[in-house]
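Listed below, chain by chain, are the residues.
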Amino acid sequence: MQRSELVLFIPSSSLDDNSSNLVFERSNKDSLVWFLQCFRAIELIQFLQISILLLALNAVHALPRPRGNFRRGNLAFDSEGLSQRSFETPELVRRGPTASPCSRLDLDDAESLPGWPKLLQYARSTWGEGDWTIEINPTGYKDKPATMCVADPINVTSTGPSNCTEQRKDIPPVTKGGTQVRINEGYTNTGVWNITNVTTAAHAEFFSGKFQMPNITKLHLESITTVGEFINAPYNSFFTVATNITYRNNDLTQVNDKTCIGTILEQQCLTPAHGRIQLFATGYIWFNYKTRRAPLANPKGGKHKKYTVKIEDVLKNATERSTWIDFTGYMNTTWRYDYFDECRWNFKLN
């Protein structure tokens, strides 16, 4: 059997004077086993390096990302209301300087309405196909406006139980040593809200609307309506204040050797709630054809280039010409009731 030699050269200074090199003889079988072991060791090292690299890449991709698709100079949000349109950053500033129940409708607003395809189909079936341009609120036609308005009232609904506290409050006399107190009774509801979903239509408009707050007191009063102002834009907050507080003066009952004051029961509650704001479109849309034409139903009638469609005449169902803004938050309510006089021995007012 042939033999192979594996020679390892080692400097002579590190060996005995009589040895200049070492010769290790191995059989072919031993050499092959040794070579395979070295190769497998190299493969294992490479596998570990690749595994570490892949783990690092996965860790990077697993980092949390913003929920919106943000682009430099533009904002595109993933929410349902903004999925089809990007807005320039300056547009996030509200359009109007003061809040209003309505805003002027524009073409982008109209195209975002659920019933927009039906309006286009109405024009085609009434005046025919052809090149047209669409206008809304054109100059010179103030008698045919188009608007996007808040549908009142905006109902606010509780979404969970109220966390309430109750205690009796002292009401001292108006003047020190006097016998008259001023009583404030009634209900105050202060709501703090965050807009969670906005609409493409009337984006960044500054609206006002009537909010109907639920009654959560023990006395089961009717709900209270108040006016709130909000901007139809992402991440905006607003507040509402509804109250029916009344004031009256009351003469304290005099009791000898006692000091008398007024007392009233005060209940405070914190309640989670939410609501939806409906914006609905009304008014006229202009279809301007390049060539004069008569209505298809009256081919011999007068020919015109301009025709109008009244939105609510075609989209009779309000939901087809509406979009919604969602909001959520908390109501902080205070209810003052159950007044009576109280006289105490040796009572001193601080």
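Residues numbered from 1 in each chain as written. Predicted model: local features only at pLDDT ≥ 70, side-chain atom pairs only at ≥ 80, totals over all residues. Heavy atoms only, no water.

Asker: What is the right way to look at the overall build of the protein in this model?
Answerer: The secondary structure content of the protein amounts to 4 helices and 18 strands. Total accessible area on the protein is roughly 22300 Å²; 53% of this is exposed by carbon and sulfur atoms. (Helix = DSSP H or I, 4+ residues; strand = E, 2+ residues; numbered from the N terminus. Areas by Shrake-Rupley, 256 points an atom, 1.4 Å probe, with all protein chains shown as cover.)

Asker: Is there a simple way to think about the nonpolar core in this case?
Answerer: Side chains of a nonpolar character, in soluble globular proteins, are inclined to be buried together. Grouped together as the largest cluster of nonpolar side chains are 48 residues, with contacts concentrated most on F211, F230, I277, I285 and F287. Those residues in contact with F287 that sit more than four places away from it in its chain are L119, L120, A123, W127, W132, T133, I134, K305, K306, Y307 and V309. In terms of nonpolar packing, the next biggest core, distinct from the first, is built from 7 residues, I171, I183, I264 and Y339 among them. (Core = buried A, V, L, I, M, F, W, Y, C linked by side-chain atoms within 4.5 Å. Buried < 20%, exposed > 50% of the residue type's maximum accessible area, 1.4 Å probe, protein only. Contact = heavy atoms within 4.5 Å.)

Asker: It is not clear to me how the pattern of salt bridges should be interpreted in this structure. Could you clarify?
Answerer: The tally for this structure, following the rule as stated, stands at 7 salt bridges. A salt bridge links R124 to E129; its shortest N-O distance comes to 3.5 Å. The closest approach of N and O atoms between R276 and D326, which form a salt bridge, is 2.7 Å. Placement of the pair is R276 in strand β16 (residues 258-293) and D326 in strand β18 (residues 322-345), with a sequence separation of 50 residues. For R276, a relative accessible area of 48% translates into the label partly exposed. (Salt bridge = Lys/Arg side-chain N within 4 Å of Asp/Glu carboxyl O.)

Asker: Got a minute to help me understand the state of the cysteines in this structure?
Answerer: Simply put, disulfide is the name for a covalent bond between the sulfur atoms of two cysteines. Summed over all chains, the structure comprises 3 disulfides. Shown here is the disulfide that connects C164 with C269, its sulfur atoms set 2.0 Å apart. Classification of the bridge connecting C164 and C269 rests on its S-S torsion, roughly 110 degrees, and on that basis the disulfide is right-handed. Linking C164 in strand β10 (residues 163-171) with C269 in strand β16, this pair joins segments that are 105 residues apart in sequence. Exposure remark for C164: the relative accessible area of 37% places this residue in the partly exposed category. Its relative accessible area of 2% is what places C269 among the buried residues. Note that C260 is cross-linked by a disulfide to C343, the S-S spacing being 1.9 Å. Since a negative S-S torsion denotes a left-handed disulfide, the C260-C343 link at about 105 degrees is right-handed. (Disulfide = S-S within 2.5 Å.)

Asker: Help me out: how do you make sense of the side chain of T240 in this one?
Answerer: Among the secondary structure elements, T240 is positioned in strand β14 (residues 237-243). According to the relative accessible area criterion, T240 is buried, its value standing at 1%. Not counting residues within four places of it along the chain, the set of residues in contact with T240 comprises N189, T190, G191, W193, F211, M213, T226 and G228.

Asker: Sorry, what's going on with the pairing of β18 here?
Answerer: Consecutive side chains along a regular strand alternate between the two faces of the sheet. Examined bridge by bridge, strand β11 (residues 180-197) and β18 share 11 bridges and lie antiparallel to one another. Across the sheet, the residue bridging to N197 is D326, located in β18. As defined by bridge partners, β16 adjoins β18 across 22 bridges and the pair is classed as antiparallel. From the neighbouring strand, Q268 faces β18, where its bridge partner is T334. (Pairing = 2+ DSSP bridges.)

Asker: Looking at this structure, how should I read unusual backbone geometry?
Answerer: Generally, phi is negative for residues other than glycine and the peptide bonds are trans, each holding for most cases. The omega angle of the peptide bond from D152 to P153 is -5 degrees, so this bond is cis rather than trans. Relative to the helices and strands, P153 is located in the loop between β8 (146-150) and β9 (154-158). With a phi close to 60 degrees, A202 is a non-glycine residue in the positive phi region. Relative to the helices and strands, A202 resides in the loop between β11 and β12 (206-213). The exposure class of A202 is buried, given its relative accessible area of 0%.

Asker: Explain the side chain of T226 here, please?
Answerer: When you line up the elements, T226 lands in strand β13 (residues 224-231). In terms of polar contacts, T226 uses its side chain to reach the backbone carbonyl oxygen of V241, at 2.5 Å. In this view, T226 contacts G209, K210, F211, M213, T240, V241 and A242; residues no more than four positions away in its chain are not counted. (Polar contact = N/O pair within 3.5 Å; in protein donor to acceptor, adjacent residues only side chain to side chain.)

Asker: Would you explain the packing of aromatic side chains in this entry?
Answerer: The geometry of an aromatic ring pair is captured by two quantities: the separation of the ring centres and the angle between the planes. Scanning the model with the defined rule gives 16 aromatic pairs in all. Geometrically, the ring pair formed by Y187 and W335 is edge-to-face, given 6.2 Å between the ring centres and 65 degrees between the ring planes. Within this pair, whereas Y187 is found in strand β11, its partner W335 is found in strand β18, the two being separated by 148 residues in sequence. With respect to burial, Y187 and W335 carry one shared label: buried. Here the aromatic cluster, defined as three or more aromatic residues joined through ring pairs, consists of Y122, W127, W132, F287, Y289 and Y307. Across from the ring centre of Y284, 4.6 Å away, lies the NZ or CZ of K144, which sits over that ring. (Phe/Tyr/Trp six-rings, centres within 6.5 Å; stacked < 30°, edge-to-face > 60°. Lys NZ or Arg CZ within 6 Å of the ring centre and 35° of its normal.)

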